[in-house]
Amino acid sequence: MNYDFIVVGHGLAGSTLAYTLQKRGHQVLVIDEPKPNSASNVAAGLVNPVAGKRFAKSWMADTFIPFADKFYDELEERFKQPLFFHKPIYKIFSTIEEQNTWMAKSAEDSWSEYIKATYTQSTGEGAVQDPYGGIVISKGGYLLVSDTLRLLAQELLQTGNMLPERFEMEALQLTEQGVSYKGITANHLVFCEGYQLVQNPYFKWLPLQPTKGEVLEVENEIFNASCIYNKAVYVVPVVEGKYKIGATYNWREADEETTPSGKAELSEKFERITAAPYKVTGHWAGIRPAVRDRHPLLGVHPAHKQLSVFNGLGSKGVVMAPYLAERLATALEGEGELLPDVHISRYLSLYYEYIKQQSQQL
Ligand SMILES: Cc1cc2nc3c(=O)[nH]c(=O)nc-3n(C[C@H](O)[C@H](O)[C@H](O)COP(=O)(O)OP(=O)(O)OC[C@H]3O[C@@H](n4cnc5c(N)ncnc54)[C@H](O)[C@@H]3O)c2cc1C
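Residues numbered from 1 in each chain as written. Predicted model: local features only at pLDDT ≥ 70, side-chain atom pairs only at ≥ 80, totals over all residues.

1. Focus: the sheet that holds strand β17 (residues 233–239)
Here is step 1: The mixed open sheet is built from eight strands, whose spatial order is β8-β9-β7-β16-β17-β18-β15-β19. Single-partner strands in this sheet number two, and they are β8 (115–119) and β19 (279–291). When strand polarity is set aside, the average angle formed by the axes of neighbouring strands in this sheet is 20°.
Here is step 2: Across three bridges, strand β7 (residues 89–92) lies against strand β16 (residues 228–231) in parallel orientation. When the sheet's bridge partners are listed, Lys 91 is paired in β16 with Asn 230.
Here is step 3: Where helix α6 (residues 260–273) meets the sheet, it contacts β7, β15 (208–219), β16, β17, β18 (242–246) and β19, and its direction lies at approximately 55° from that of β15. (Pairing = 2+ DSSP bridges. Helix = DSSP H or I, 4+ residues; strand = E, 2+ residues; numbered from the N terminus. Axes fitted to C-alpha atoms, helices over the stretch in contact; angles between N-to-C directions. Contact = placed C-beta atoms within 7 Å.)

Pasting the structure below:
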């Protein structure tokens, strides 16, 4: 069978792309080695319109958020179950200085639609420690990522459009028409391998920075699940009485093991949000595919026009993937351009350097 596209990897990048390409009428085969601790499977699924410590609206929030909302609504409709939960985020101020900065920010026009309420003193909610108050941010929420991926994978398996196995690079042949892989042919192949891109002989020159993250799940019956809390960590209500606490960032140890220090860091930060007793019920580690300039990596290979990449979603895969999948699909059809900010051509000099090194080694 000849496919229009082979997609390697079924995390947030591969799944949103495969779904989008199929919806646009293409024949798609997904090859994915199931990985319970992939970045997508361990993610708490948070969508936060605010970019952490920088007190700024997160990059392209006005574009990504409405697109993601629509995309996940459509999946909920398709699978007849709730997957994305709209929840306000209560950003608790740590200091009076932080309170002042945020109060000034919240007066700016561009922010108004994202700010639901501001508090300069504690809200008085018993279990929450917020002596300096906080700000309630709207348009946030969380996706049940692994449930979403499981439902999409089930559908692909049922229609014979998924191979749940490792893609073996040695078996890939580039042909004039596209690619050939173990007797399967396709016009184009897109690599969506998450952090494992660093081993990909065609795209390893891209400046991916695998960044380990750990998350905890805790049981705490006292909290009010009507919002997500954020102060050094986020606290996401996943199911009745259970919360995901995340996440750590570690550039130095890109392994996938949970650690006592990760658990201690998350617990200590969680305890700054609440003094209520809790029990740790889960602990996971995964590796984010982050990029130096914090922007994703999309585009066709500079020399092999039958190969593309969709990667670099960093810590914001849930909100960015649907829009970027649509833009990539359109570009692959020759119908549109990718944004320069996400196009891999911004790193072309690294590709030429890599090629030079390769030829010197021969
Ligand atoms: C602890 C933690 C918490 C996070 N929290 C959030 C959050 O709250 N909100 C948010 O938006 N983002 C969050 N993220 C980031 C988010 O998870 C990533 O942005 C996103 O999951 C990246 O998706 P991906 O598809 O690129 O990679 P992955 O999820 O890693 O998926 C890659 C897939 O490709 C497969 N694969 C790779 N190589 C091969 C091969 N050779 N053959 C076959 N299959 C292959 C893998 O098995 C895997 O299934 C978090 C990440 C971590 C680690």
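Still more ground to cover, so stick around.
2. Here we look at the site of the ligand
Here is step 1: The environment of the ligand is made up of 42 residues, and the closest members are Gly 9, Gly 11, Gly 194, Gly 213 and Gly 317.
Here is step 2: For the shell around the ligand, the elements supplying multiple residues, two or more each, are α1 (12–23), α2 (39–42), β15, β19 and α7 (317–332).
Here is step 3: Its residues assigned to classes, the shell around the ligand shows 18 nonpolar, 16 polar and eight charged.
Here is step 4: Looking at which domains feed residues into the shell around the ligand, each of domain 1 (2–42 + 146–207 + 293–361) and domain 3 (208–291) supplies at least three. (Near = placed C-beta within 6 Å. Nonpolar A, V, L, I, M, F, W, Y, C, P; charged D, E, K, R; others polar. Domains from an automatic or database assignment.)

3. Considerations on the domain arrangement of the protein chain
Here is step 1: Looking at the assigned domains, one finds that the protein chain contains domain 1 (2–42 + 146–207 + 293–361), domain 2 (89–137) and domain 3 (208–291).
Here is step 2: The distance between the C-alpha centroids of domain 1 and domain 2 comes to 39 Å.

4. Some remarks on the environment of Ile 115
Here is step 1: Within the secondary structure, Ile 115 sits in strand β8.
Here is step 2: Residues Ile 115 and Leu 332, 217 residues apart in the sequence, show an inter-C-alpha distance of 37 Å.

5. Points about the pairing of strand β14 (residues 184–191)
Here is step 1: In this sheet, β14 lies alongside strand β1 (residues 2–8) in parallel orientation, the contact comprising six bridges. Bridge pairing in β14 places Val 7 opposite Val 190.
Here is step 2: Where strand β13 (residues 179–181) and β14 come together, three bridges link them in antiparallel fashion. Within β14, the residue paired with Val 179 across the bridge is Ala 186.
Here is step 3: What sits between β13 and β14 in their antiparallel hairpin is a turn of two residues, with Lys 182 showing a positive phi close to 50°.
Here is step 4: As judged from the three bridges shared by β14 and strand β21 (residues 307–311), these two strands associate in the parallel manner.

6. A look at the sheet that holds strand β3 (residues 46–47)
Here is step 1: On the basis of which strands lie adjacent, the open sheet formed by three strands has the order β3-β10-β6 and antiparallel pairing. Edge positions in the sheet fall to β3 and β6 (84–86), since each has one partner strand and no second.
Here is step 2: In this structure, β3 lies alongside strand β10 (residues 141–143), joined through two bridges in antiparallel fashion. Looking across to β10, one finds that Val 47 is bridged to Gly 141.

7. Some details on the packing of α1 against α7
Here is step 1: At a closest axis distance of 8 Å, the pairing of α1 and α7 adopts a crossing angle of 40°. By the angle between their directions, the pair α1 and α7 is classed as oblique. The two elements α1 and α7 meet at a crossing, and its hand is right-handed. Listed contacts from α7 to Leu 12, Ala 13, Thr 16, Leu 17, Thr 20 and Leu 21 of α1 are Gly 317, Val 318, Ala 321, Pro 322, Ala 325, Glu 326, Leu 328 and Ala 329. (Parallel < 35°, antiparallel > 145°, perpendicular 65-115°, else oblique. Left-handed = near helix turned anticlockwise from the far one by under 90°.)

8. Some remarks on the packing of α1 against helix α5 (residues 145–158)
Here is step 1: For the pair α1 and α5, interaxial distance at closest approach is 11 Å and the crossing angle is 45°. Classified by the angle between their axes, α1 and α5 sit oblique to one another. Seen from above, α1 lies across α5 with left-handed handedness. Residues Leu 12, Ser 15, Ala 18 and Tyr 19 of α1 pack against Val 145, Leu 149, Leu 152 and Leu 156 of α5.
Here is step 2: Here the contact of α1 with α5 is built from residues that sort into seven nonpolar, one polar and no charged.

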